[in-house]
Structure formats: structure tokens, C-alpha cells
Amino acid sequence: TECGVPCLFGTVMCLSVTSTDRVCATVSRLSAPTPHTLFIENRVDRAARLFSAYDRPLVFRQSPLAPPQLEAFLDARGWRRFDETIVMAGSIADLDIDGGMDHLPMRDIGRYVDASISVHGRDTALKAGLTEVLSSIRPPSGLFVIEDGKSGPVSTALCVHDNDMAGLFELATRADKRRAGHGRDVIRAALRWARHRGAETAWMQVESPNPAALALYASIGFQESYRDAARHTSAAVRAWLLSTSDP
């Protein structure tokens, strides 16, 4: 889950909750008109200082739009790739979303965060950070939770409606409730909500490898658009992980 603000290379800088169950900092979809080395170095230093003030490691997530000068700069300074994300998209009119039960989005962010932490199996210490991220999202957002009466939340999704686009985040089904159709149901409910609001295109990010998730999204009609990669300096991230570890 990401919350972005204009900051670097004419794009967005984000705080996000990652699959590592930590609130981390990322810079997404880097692009700039032929930036020179000094421009890049100054912006990277600026970003590092900002993230350091929040006690977070600086992580770059690069899309195919990243300028080659930035790629060369990070290569030269030892920024390593450690993660690949597949971005999938589809026209909502062509997606298989007219099925399953209707679920209305909840308005209580705190309740949604509790459900998300439970479904993902995250550390409850992340609650404050995740609540802050979700509260900072500016476009209209639908918070979807599927529950059963006996065991509580089983599946979650966050749908952000921005003009004609609908982004899906926080998609997860509790480990003991998978392969029962809950993930498909929550996606369909979220996208019907977005369609009703006027969204025409839906997109999502999938951390690779995740064959089960990719198969589910493809069966609904999503197709791969592009892939991006995260990069970090191992020393900086290692130092941050050590500083946040239990004694």
C-alpha cells in the first residue's frame, strides 16, 4: 500500500507497507527529462535525508520509464535489485466482475487496518504506520473486508478510484481460507464499486513470483502491462533492519 506526494524526479515519493511486514519508504516510477549526474545525485541525497528523518531506508522502485542516467547512477553506487513487481491492468468493461456477493466498503479505517493485519498475519506494531498511510490517500478509496461469522476477516482489498482509473491494493486472503473464492469475491466487489463511480481501467501490482495470484488475476481478465524492480543499498537497509529488530 502506498501513499505518494510530489517529491523527486517529477514523480512521487511514497511510504508503503511491504510484504516484509515493515513500513518502508519507496520512490516509484522514476522519470525525468535527461537528468544529468549532479541533478540525480542531489535528488538522491535529498531523498535519503528525508527518509532518514523518518527512520526509514531509501528504496527505489523503477519502472521502464526510469531514465538510463538514473540506472547508471544506481549501478555505479552499488544499488542492488532485490524485488520485482508485475503491474497488471484491464478494461473494467472486459473484466469478469459480475458475480459473487455484493460487499459495501467500510468507512472505519481502524477496523479495516485491524482486519488487514489479521488477514496478512502482520505484526500489530504496524497498525499506526498503516493507518497513517491509508489516512493520507487523497482520492476516494473503498475499504473492503470479507468476513465469516465464526472466524472473522478472511479477505481484504483497498480500491483507490482516481479519475478513470481504479487501483487495487492490499489484496490478501487469510492462509487457512484460501482456494475458497474469497479473493475473487473481494476483487469483484471492489471493482463493481469503482465501476459505479465511473472508473474504466483497473490495475494492480503483484510481487513476483506469485503464480497463484497471477492465475487468479488472469482468470478475471487482467493482463501484464510491465514489470518494475526495487533497489536498495544493502548497507543502509541492513542497518535499518538491525535498528528495528527485537533485542
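Residues numbered from 1 in each chain as written. Predicted model: local features only at pLDDT ≥ 70, side-chain atom pairs only at ≥ 80, totals over all residues. Heavy atoms only, no water.

## Notes on the pairing of strand 4 (residues 58-62)
- Counting buried positions along strand 4 yields five of five residues, so the element is predominantly enclosed.
- Of the two faces of strand 4, the one carrying Leu58, Phe60 and Gln62 and the one carrying Val59 and Arg61 are both buried.
- Where strand 4 and strand 10 (residues 223-232) come together, three bridges link them in antiparallel fashion. What sits directly across from phenylalanine 60, in strand 10, is arginine 231. (Buried < 20%, exposed > 50% of the residue type's maximum accessible area, 1.4 Å probe, protein only. Helix = DSSP H or I, 4+ residues; strand = E, 2+ residues; numbered from the N terminus. Pairing = 2+ DSSP bridges.)

## Examining the nonpolar core
- Core analysis: the largest hydrophobic core is formed by 27 residues, its most contacted members being Leu95, Phe144, Cys159, Leu168, Leu191, Tyr217 and Phe222.
- For this core, the secondary structure elements donating two or more residues are strand 5 (80-91), strand 6 (141-148), strand 7 (152-162), strand 8 (165-173), helix 5 (182-196), strand 9 (201-208) and helix 6 (211-220).
- When residues in this core are grouped by element, the largest group, seven residues, is from helix 5.
- Those residues in contact with leucine 168 that sit more than four places away from it in its chain are Leu158, Cys159, Ile187, Ala190, Leu191, Trp203, Met204, Gln205 and Phe222.
- Listed in part, the 13 residues of the second largest apolar core include Tyr112, Val113, Leu143 and Val160. (Core = buried A, V, L, I, M, F, W, Y, C linked by side-chain atoms within 4.5 Å. Contact = heavy atoms within 4.5 Å.)

## Concerning the packing of helix 5 against helix 6
- For the pair helix 5 and helix 6, interaxial distance at closest approach is 11 Å and the crossing angle is 45°. Looking at the two axes, helix 5 sits oblique to helix 6. The element helix 5 and its partner helix 6 pack so that their crossing is right-handed. Contacts from Gly183, Arg184 and Ile187 of helix 5 reach helix 6 at Leu216, Tyr217, Ser219 and Ile220. (Axes fitted to C-alpha atoms, helices over the stretch in contact; angles between N-to-C directions. Parallel < 35°, antiparallel > 145°, perpendicular 65-115°, else oblique. Left-handed = near helix turned anticlockwise from the far one by under 90°.)

## Here we look at helix 4 (residues 127-135)
- The complete set of buried residues in helix 4 reads Gly129, Leu130, Val133 and Leu134. In an axial view of helix 4, the angular spread of the buried residues amounts to 130°, which keeps them on one side of the axis. (Arc of directions from axis to C-beta.)

## Notes on the environment of alanine 199
- With respect to the helices and strands, the residue alanine 199 is situated in the loop between helix 5 and strand 9.
- Along the backbone, alanine 199 and isoleucine 92 are 107 residues apart, and their C-alpha atoms lie at a distance of 7.5 Å.
- The contacts of alanine 199, once residues within four sequence positions are left out, are Ile92, His161, Asn163, Asp164, Met165, Ala166 and Ala194.

## A word on helix 6
- Residues of helix 6 that are buried include every one of Ala213, Tyr217 and Ile220, and no others. Each buried residue of helix 6 lies within a common arc of 55° when the element is viewed along its axis, so the set occupies one face.
- Turning to helix 6, the residues buried within the fold contact strand 5, strand 8, helix 5 and strand 9.
- Backbone geometry just after helix 6 places glycine 221 at a positive phi near 125°.

## A short note on the environment of histidine 182
- Position of histidine 182 among the secondary structure elements: in helix 5.
- With sequence-adjacent residues up to four places away left out, histidine 182 is seen in contact with Ile146, Val154, Ser155, Thr173 and Lys177.

## Overview of the pairing of strand 5
- Looking at chain direction, strand 5 and strand 10 are connected through nine bridges and run antiparallel. If you follow threonine 85 over to strand 10, its bridge partner there is aspartate 228.
- By the bridge criterion, eight bridges tie strand 5 to strand 9 in an arrangement that is antiparallel. Looking across to strand 9, one finds that threonine 85 is bridged to glutamate 207.

## Re the pattern of salt bridges
- This model, assessed by the stated rule, comprises 14 salt bridges.
- Among the ionic pairs, arginine 227 bridges to glutamate 84, the shortest N-O distance being 3.1 Å. One end of the pair, arginine 227, is in strand 10; the other, glutamate 84, is in strand 5, with 143 residues separating them in the sequence.
- With relative accessibility at 32%, the residue glutamate 84 sits in the partly exposed group.
- Residue glutamate 170 is joined to arginine 122 by a salt bridge in which the shortest nitrogen-to-oxygen separation is 3.1 Å. (Salt bridge = Lys/Arg side-chain N within 4 Å of Asp/Glu carboxyl O.)

## Side note on the packing of aromatic side chains
- By the definition in use, this model includes two aromatic pairs.
- For the ring pair phenylalanine 144 and tryptophan 193, a centre distance of 6.0 Å and an interplane angle of 70° mean the geometry is edge-to-face. Here phenylalanine 144 is found in strand 6, whereas its partner tryptophan 193 is found in helix 5, with 49 residues between them in sequence.
- Residue classification places phenylalanine 144 among the buried positions, given a relative accessible area of 0%.
- Among the residues examined, tryptophan 193 registers a relative accessible area of 16% and is labelled buried. (Phe/Tyr/Trp six-rings, centres within 6.5 Å; stacked < 30°, edge-to-face > 60°.)

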